[in-house]
Amino acid sequence: INHIVHNGGLYKRPFNEAFEETPMLVAVLTYVGYGVLTLFGYLRDFMRQWKIEKCQNATEREEQKDFVPLYQDFENFYNRNLYMRIRDSWNRPVCSVPGAKVDMMERVSHDYNWTFTYTGRVIKDIINMGSYNYLGFAQNAGACQEAAAKVLSQYGAGVCSTRQEMGNLDKHEELEKLVARFLGVESAMTYGMGFATNSMNIPALVGKGCLILSDELNHASLVLGARLSGATIRIFKHNNMQSLEKLLKDAIVHGQPRTRRPWKKILILVEGIYSMEGSIVRLPEVIALKKKYKSYLYVDEAHSIGALGPGGRGVVEYFGLSPEDVDVMMGTFTKSFGAAGGYIGGKKELIDYLRTYSHSAAYATSMSPPVVEQIITSMKCIMGEDGTTVGEARVQQLAENTRYFRRRLKEMGFIIYGNEDSPVVPLMLYMPAKIGAFGREMLKRNIGVVVVGFPATPIIESRARFCLSAAHTKEMLDTALKEINEVGDLLQVKYSRRRLVPLLDRPFDETTYEETED
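Residues numbered from 1 in each chain as written. Predicted model: local features only at pLDDT ≥ 70, side-chain atom pairs only at ≥ 80, totals over all residues. Heavy atoms only, no water.

Under an unreviewed UniProt entry, the name given to the protein is serine C-palmitoyltransferase, and the organism recorded is Origma solitaria. On record in UniProt, under Sequence similarities (unreviewed entry), the comment for the protein is "Belongs to the class-II pyridoxal-phosphate-dependent aminotransferase family." Turning to the protein, the UniProt annotation filed under Subcellular location (unreviewed entry) states: "Endoplasmic reticulum membrane". (UniProt positions renumbered as here; feature names shortened; annotations may be inferred.)

J.: I'm lost on the overall build of the protein in this one. Help?
T.: Within the protein one finds 15 helices and 18 strands. Over its C-alpha atoms the protein spans a radius of gyration of 24 Å, differing by no more than 12% from the 24 Å that the globule rule assigns to 518 residues. Each of the three principal axes of the protein carries a C-alpha extent, and together these read 70 × 65 × 55 Å. Sorting the 518 residues of the protein into buried and exposed places 53% on the buried side. Of all intrachain contacts in the protein linking residues separated by at least 6 positions in sequence, the fraction that spans at least 24 positions is 69%. Side-chain charges in the protein split into 62 positive and 60 negative, and the spacing between the mean points of these groups amounts to 4 Å. (Helix = DSSP H or I, 4+ residues; strand = E, 2+ residues; numbered from the N terminus. Rg over C-alpha atoms; globule rule 2.2 N^0.38 Å. Buried < 20%, exposed > 50% of the residue type's maximum accessible area, 1.4 Å probe, protein only. Contact = heavy atoms within 4.5 Å. Lys, Arg positive; Asp, Glu negative; His and termini not counted. Charge placed at Lys NZ, Arg CZ, Asp CG, Glu CD.)

J.: Is there a simple way to think about the pattern of salt bridges in this case?
T.: For side chains of opposite charge, pairing can occur when their charged atoms come near one another. The full count for this structure, using the stated rule, is 32 salt bridges. Residue Arg 445 is joined to Glu 483 by a salt bridge in which the shortest nitrogen-to-oxygen separation is 3.5 Å. Remark: Glu 483 occurs in helix H15 (residues 474-491) and Arg 445 occurs in the loop between helix H14 (432-444) and strand S14 (447-448); sequence separation between them is 38 residues. Residue Glu 483 is classed as buried on the basis of its relative accessible area, which comes to 13%. For the salt bridge of Asp 478 with Lys 474, the shortest nitrogen-to-oxygen distance reads 3.0 Å. Here Asp 478 pairs with Lys 474, and both are found in helix H15, just 4 residues apart, close to one helical turn. Via salt bridges that share partners, Glu 441, Lys 444, Arg 445, Lys 482, Glu 483 and Glu 486 belong to a single interconnected network. (Salt bridge = Lys/Arg side-chain N within 4 Å of Asp/Glu carboxyl O.)

J.: When you look at the domain arrangement of the protein in this model, what are you seeing that I'm missing?
T.: Much of the literature gives interface size as the accessible area that the parts lose upon coming together. Once the domains are mapped, the protein shows domain 1 (20-128 + 389-497) and domain 2 (143-383). On a C-alpha basis, the centres of domain 1 and domain 2 stand 29 Å from each other. Taken together, the contact between domain 1 and domain 2 spans 19 residues of the former and 17 residues of the latter. When domain 1 packs against domain 2, close to 1,300 Å² is buried across both sides, 60% of that on carbon and sulfur atoms. (Domains from an automatic or database assignment. Buried area = accessible area lost by both parts, 1.4 Å probe.)

J.: What should I look at first to understand helix H4 (residues 170-183) in this one?
T.: In an α-helix there are 3.6 residues to a turn, and that puts residues three or four apart on one side. With 14 residues, H4 should reach 20 Å at 1.5 Å per residue; the first-to-last C-alpha distance of 20 Å fits that figure. Taken together, the buried positions of H4 are occupied by Lys 171, His 172, Leu 175, Glu 176, Leu 178, Val 179, Ala 180, Phe 182 and Leu 183. Against the buried residues of H4 lie helix H3 (143-155), strand S5 (187-191), strand S10 (328-332), strand S11 (342-346), helix H10 (348-357) and helix H12 (369-383). Of the residues one or two after H4, Gly 184 is the one with positive phi, at around 80 degrees. (Expected span 1.5 Å × (residues − 1).)

J.: What is the right way to read the UniProt feature "transmembrane region" (unreviewed entry) in the protein from this model?
T.: Taking the numbering used here, the UniProt-annotated feature "transmembrane region" (unreviewed entry) corresponds to residues 24-43. Secondary structure across residues 24-43 divides into 100% helix and 0% strand, with the first and last C-alpha atoms of the span separated by 29 Å.

Here it is in structure tokens:
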């Protein structure tokens, strides 16, 4: 399904997203594959129970059999019998800076991935296609590293206190003023952990008697924050404005269950870029609905801040909208800025309220000073306040890399999800056996990729997820594409029925293409 949306002037630019339907034969074979694995899992559990096969999974001790069980055996069935077969595709130990290339420690397993041993060999110069290093600021040399090292020598590594006590440094104040200016909002507050920025602040904003309308593919931190808040949660279909509007209408017409009183607040939760789908939120339409039905809007820009918009200011700038139209602007420093932590931006009254009532502000230790300096230096670089055009060039390079990489993969015949401007690029694998095989084959060819399966995705939509970076050169991308093409032929994962025609004379940064159907 291709979406090219203009929608009555709401969009100032084309909005192109593709979610090609899963071929029926592939879907059937995927279900059959999981069925066969499940049957063999039950067989192996039976053999373990009768001591025919060695049992290496966690079990209750004999003397605890009469206790209320701490460990539910069936809940671990997937981990024990399916995940364990491909466990070597995850948690690979990296022993270098996570830049465009990484070094990785080699490990082997002699008991089918239950345990690993290190060979002592380091695999050098693996092209890193998995880290969220969108603008290439994850580096151990350059202005950011020098500034962070200087602050480390002056302030030390830790603060050992909360912001409300003895942990409020001048660097924290400087960072928050800079973030507010970068976002174009009145005020901002920063936190030491991106996940906690969502999970600890949403409960401070809404509670019992409030309604949260959440996209079905929202990140786990948003889901946890919504559940902890005690508010009523209703889910709308991913990026589906008809579904969202129906929920808004019902909420206003019917009010709260049983009492029929109006909801105290209605809060819409969305993300800028969805990290598993590669899709971009339909923000102009969401804002139009938010204004029409007088609700509040919370946008999580973890993946979009720095990666979208001509100035790297995220999805609001990408669509040419005003930051005032978004009530709560949340984002993280863990991706585009090569650091750690998160922020919330908005009106001064909102931020002053959160300084007092947010659990993250009251109980969490302050951000480490070198991390703060890394963010300040990289953000000033993006804004051009360092006196160079390096930041602007990196934002443009990321956009070029994204369009080039996505177009080439589609030309090869892979099913690629998401928006054409999204640096998150999911390549669909579907079948369970191909998850591990794709990851291993790519590593053999010195390409590091992230493969994702159930429960992080629907059971028949396993995928490899590439993350583009401004640090990737065209030579690196061409090398990766060549190997991906080879592995795609080897594993037969070129499922697309819509092939793009390559135009050999097209320049690198051109994004137009012709499309043909078989």
